[in-house]
Structures are given as structure tokens and as C-alpha cells.
Amino acid sequence: MAELEFVAKVAERAGVPADTARSLTEATLRTLAERISGGEAADLADHVAHELRPLLARARPEEPQAFGYDEFLRRVAERAGTAPDLAERGARAVLQTLHRVVGHNEFEHALAQLPREIGALAQPVPRTP
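Definitions and limits used
Residues numbered from 1 in each chain as written. Predicted model: local features only at pLDDT ≥ 70, side-chain atom pairs only at ≥ 80, totals over all residues. Heavy atoms only, no water. Axes fitted to C-alpha atoms, helices over the stretch in contact; angles between N-to-C directions. Helix = DSSP H or I, 4+ residues; strand = E, 2+ residues; numbered from the N terminus. Parallel < 35°, antiparallel > 145°, perpendicular 65-115°, else oblique. Left-handed = near helix turned anticlockwise from the far one by under 90°. Contact = heavy atoms within 4.5 Å. Nonpolar A, V, L, I, M, F, W, Y, C, P; charged D, E, K, R; others polar. Salt bridge = Lys/Arg side-chain N within 4 Å of Asp/Glu carboxyl O. Buried < 20%, exposed > 50% of the residue type's maximum accessible area, 1.4 Å probe, protein only. Arc of directions from axis to C-beta. Polar contact = N/O pair within 3.5 Å; in protein donor to acceptor, adjacent residues only side chain to side chain.

Novice: Please explain the packing of helix α1 (residues 3-14) against helix α6 (residues 84-102) as it appears in this structure.
Specialist: Helix packing geometry: the angle between the two helix axes and the distance between the axes. Interaxial distance between α1 and α6 falls to 8 Å at its minimum, and their mutual angle equals 135°. The angle between α1 and α6 places the two elements in the oblique class. Judged by the twist between their axes, the crossing of α1 over α6 is right-handed. Within the contact between the two elements, α1 uses Phe 6, Lys 9, Val 10, Arg 13 and Ala 14 and α6 uses Arg 89, Gly 90, Ala 93, Val 94, Gln 96, Thr 97, Leu 98, Arg 100 and Val 101. Grouping the amino acids of the contact of α1 with α6 by side-chain chemistry returns 7 nonpolar, 3 polar and 4 charged.

Here is the structure:
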């Protein structure tokens with residue numbers, strides 16, 4: 001999936017303009033790369049558009065940083081310059097789009113390194129009738 005298509009899917013899922021979706025995509029992928037191992041981030045990067053790969057790359061393959069759901073969203077909000085509720089909606093849209101792009105097995109390997117609350121962002125929100 002090309003970068004523009006990825007961002008367009010994020011914009012659609014999050015209900016935001018394309019420029020906001022781009023900021024949320026960059027912020028979420030950078031934060032995700034900090035939270036999972038360098039090897040796992042590199043595996044995810046192999047599946048995304050060339051332009052998005054640097055967002056998942058880490059200069060050194062150090063151990064992942066240990067932080068939870070609130071810190072994950074705080075970092076996304078700060079990097080994207082958005083409110084926390086928009087950061088949550090955006091991170092959800094980015095992770096759901098990433099799941100579609102990389103495939104279930106590869107995505108599940110990455111999610112196994114995350115706290116359950118962060119992983120839950122990748123799950124579709126049930127729609128109420």
C-alpha cells in the first residue's frame with residue numbers, strides 16, 4: 001500500500017483531514033517503533049510503503065522502551081500536536097491500517113510485545129445499531 005493510500009485510510013478511519021492523518025501516522029509509527037524490539041519494527045517496516053519505513057526504523061537495535069497505554073498516547077499526541085482523544089482515535093486508525101497492510105501473523109508478533117491496552121487499539125470498535 002502506497003504512503004498516500006495508507007494516510008487516506010487513516011484519515012477515513014479516524015475521520016480527520018489528510019494532513020492530520022499524516023501527522024498521526026508519523027507519530028504513531030515512531031512511538032510504536034520505540035515500544036517494540038528493533039527486529040520486530042524492521043519486520044513491520046518491510047511491509048509498508050518505502051516512505052513510511054524510516055518511521056519504524058531505529059538507529060540502534062536496543063531493547064524496546066517499557067511504557068504503557070497512557071504514555072503511548074501521550075507521545076502520539078505530543079508528536080502529532082493533537083489532543084489526547086484525537087491521538088487515541090488516530091493511533092487506533094493507524095494500527096488498524098497497519099494490521100491490514102502487514103497481515104495478521106506479522107502484526108500479532110508485534111502486538112505480543114505490547115501491553116494489552118495498546119494492542120486493543122488495533123481491534124475494530126463495535127458499532128452500535
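So, next bit.
Novice: Just to check I follow, could you spell out the pattern of salt bridges for this structure?
Specialist: Oppositely charged side chains can pair when the atoms bearing their charge come close. Summed over the entire model, instances satisfying the criterion amount to 5 salt bridges. In this structure, Glu 34 and Arg 79 form a salt bridge, with 2.4 Å as the shortest nitrogen-oxygen distance. Linking Glu 34 in helix α2 (residues 18-35) with Arg 79 in helix α5 (residues 69-80), this pair joins segments that are 45 residues apart in sequence. Measuring nitrogen to oxygen at the nearest pair gives 2.9 Å for the salt bridge that ties Arg 74 to Glu 78. Placement of the pair is Arg 74 and Glu 78 together in helix α5, with a separation of 4 residues, close to one helical turn. On the accessibility criterion, Arg 74 (40% relative accessible area) is partly exposed. Given the relative accessible area of 59%, Glu 78 is considered exposed.

Novice: I tried to follow helix α3 (residues 38-45) on my own but got confused; where do I start?
Specialist: For an α-helix, the turn length of 3.6 residues means that residues three or four places apart are oriented alike. All of the buried residues along α3 are Gly 38, Glu 40, Ala 41, Leu 44 and Ala 45. For α3, the angular spread of the buried residues around the axis is 160°, confining them to a single face.

Novice: It is not clear to me how the side chain of His 99 should be interpreted in this structure. Could you clarify?
Specialist: Note that His 99 resides in helix α6. Within the local environment of His 99, its side chain forms a polar contact with the side chain of His 104, the two groups lying 3.2 Å apart. Here His 99 is in contact with His 104, Phe 107 and Ala 122, once residues within four sequence places are set aside.

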